[in-house]
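The residues making up each chain are set out below.
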Amino acid sequence: MVVHLNAIGPVSLVIIGIVALLIFGPKKLPELGKAFGSTLREFKKGTKGLIDDDDHDTKKVIEHKDQNK
């Protein structure tokens, strides 16, 4: 079963927000949001490095093949 992000509507987001507010309380939610944001930022930096490394390695292989001709 595949669930797309389009399946999560505004009503679902409000319900998730209310449940999170009840579980963590109003004082913890900003801290959790900040931690989540910094985690996403670090993840993006890490994956960007991996993608750049793959592109760089591919270019080296292509250049090496061109030099051998």
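In what follows, the accompanying structure is described. Keep in mind the model is a prediction, meaning the values are calculated, not measured.

## A word on helix 1 (residues 10–24)
For helix 1, with 15 residues, the first-to-last C-alpha span of 21 Å sits near the 21 Å given by 1.5 Å per residue. At the C-terminal side of helix 1, G25 shows a positive phi close to 85°.

## Things to note about a nonpolar patch on the surface
Where nonpolar side chains cluster on the molecular surface, the patch consists of V11, I15, V19, I23, F24 and L32 and spans about 570 Å² of accessible area. Top contributing element to the nonpolar patch by residue count: helix 1, with five residues. Take F24: it is sitting in helix 1. Given a relative accessible area of 45%, F24 falls into the partly exposed group.

Parameters and conventions
Residues numbered from 1 in each chain as written. Predicted model: local features only at pLDDT ≥ 70, side-chain atom pairs only at ≥ 80, totals over all residues. Heavy atoms only, no water. Helix = DSSP H or I, 4+ residues; strand = E, 2+ residues; numbered from the N terminus. Expected span 1.5 Å × (residues − 1). Patch = residues over 30% accessible without salt bridge, like charges linked within 9 Å, V, L, I, M, F, W, Y side chains within 5 Å. Areas by Shrake-Rupley, 256 points an atom, 1.4 Å probe, with all protein chains shown as cover. Salt bridge = Lys/Arg side-chain N within 4 Å of Asp/Glu carboxyl O. Buried < 20%, exposed > 50% of the residue type's maximum accessible area, 1.4 Å probe, protein only.

Distances and angles like these do not, on their own, reveal function.
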